[in-house]
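An overview of the molecular structure
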Amino acid sequence: MRLGTFEIGNEERLGIELGDYVLDANRACAHLLAEEGDGDAQRLADALLPSDMLAFLRAGERALEQARRVVEFARQKDLQAVDFAHPLAAVRRLAPVPRPGKIVCVGRNYHEHVNEMNNQVPTIPVLFAKFSNVICAHGDPVPHPGVSEELDYEAELAVVIGKRGRRIGEQAALDHVAGYTAFNDITVRDWQRRTPQWLQGKTFDHCGPLGPVLVTKDEIPDPHSLSIRLWLNGELRQSDNTGRLIFNIPRLISFISQIMTLEPGDVIATGTPGGVGVAMNPPGFMKVGDIVRVEIERIGVLENKIVESDALAATAQ
Ligand code: MG
């Protein structure tokens, strides 16, 4: 399933993409239960299939099963004629997880990127954090920070956690995954490098597009075989395969969970391949007006336009 968060009637709602439509999963569940004769269908639907992505992920396998039932139910309906389906073009897409509790990022996790940055291949995963202020959706404008000319992109496969866990073994690691999505770890290079901690170059507002949807793991049985590419204004800048991760997903989940409890909705950004702008000669940073496009096989396209900082502030007021 392709799960997302959408603004429907001024509310953030868990949605399931079905062709050119989005199913409001919770509303569709209520219709399904009502057709099955339940007298208090909406209340039961609220319990079985929450309308909020984080609540849905926390509800685990039982909610996922309801979501699958909803898809089968909707396939038998004329989606133009039901109030729980909306044309994709008529709703605003948000990031699939709009406010992750944690965004754990992995640095230096593809050989080509390690080489182009003149770094050593790490023997221990390099971790850093972004915060939920960076999250924005496919199609959202990304404000140029303005304080620097060194705005760079990083296409990454992101793992969304679906089950709480601490000290997770590699064998069990994928049991804790809800699914996968694309991430752009947008970075202000000079701010990243001017102190030993990278944080200040990694945490500018909206510098973390996530999406377009969370693809459930049953649709991606092998997350280590996906082509990952990035274009800037139509020019291919990054092209690799997730099979070449230095630390693969089970190792990352196992390693990170030695440190912290992983919770449903946490995001692990698995690192970027070679081809970042700072490593080009001359450097190829992003400017206002640029279109940056990440594409990951089986997941889809995550595209954003770089805009003036002031332009975004003006539209937000
Ligand atoms: Mg990165």
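This section reports on the structure supplied with the text.

Attention now moves to the sheet that holds strand E19 (residues 300–307). As summarised here, the arrangement of the 5 strands in space is E9-E19-E18-E15-E16, forming an open sheet in which the pairing is mixed. The open sheet has two free edges, formed respectively by strand E9 (141–143) and strand E16 (235–241), since each of these has just one partner strand. Pairwise comparison of adjacent strand axes, ignoring direction, gives a mean angle of 20 degrees for this sheet. Sheet topology note: the strand E18 (residues 291–296)/E19 ladder contains 6 bridges and is antiparallel. The residue of E19 that forms the bridge with arginine 293 is glutamate 303.

Next up on the list: the coordination of the magnesium ion. In an ideal tetrahedron of four donors about a metal, each angle is 109.5 degrees. In an ideal octahedron of six donors, the angles are 90 or 180 degrees. The protein atoms that coordinate the magnesium ion are Glu154 (OE), Glu156 (OE) and Asp185 (OD), at distances spanning 2.0 to 2.1 Å. Written as a sequence motif, the donor residues of the magnesium ion are E-x1-E-x28-D. One end of the pair, glutamate 156, is in strand E11 (residues 155–161); the other, aspartate 185, is in the loop between strand E12 (177–184) and strand E13 (187–188), and 29 residues separate them in sequence. Since its relative accessible area comes to 0%, aspartate 185 is described here as buried.

The subject of this paragraph is the packing of helix H1 (residues 25–35) against helix H3 (residues 53–75). Here H1 crosses H3 at 75 degrees, and the two axes come no closer than 9 Å. Classified by the angle their axes make, H1 and H3 are roughly perpendicular. From H1, Ala25, Ala28, Cys29, His31, Leu32, Leu33 and Glu35 reach across to H3, where they touch Gln66, Arg69, Val70 and Phe73.

What counts as what
- Residues numbered from 1 in each chain as written.
- Predicted model: local features only at pLDDT ≥ 70, side-chain atom pairs only at ≥ 80, totals over all residues.
- Heavy atoms only, no water.
- Pairing = 2+ DSSP bridges.
- Helix = DSSP H or I, 4+ residues; strand = E, 2+ residues; numbered from the N terminus.
- Axes fitted to C-alpha atoms, helices over the stretch in contact; angles between N-to-C directions.
- Donors = N, O, S within 2.8 Å, 3.2 Å for Na, K, Ca; no water.
- Buried < 20%, exposed > 50% of the residue type's maximum accessible area, 1.4 Å probe, protein only.
- Parallel < 35°, antiparallel > 145°, perpendicular 65-115°, else oblique.
- Contact = heavy atoms within 4.5 Å.

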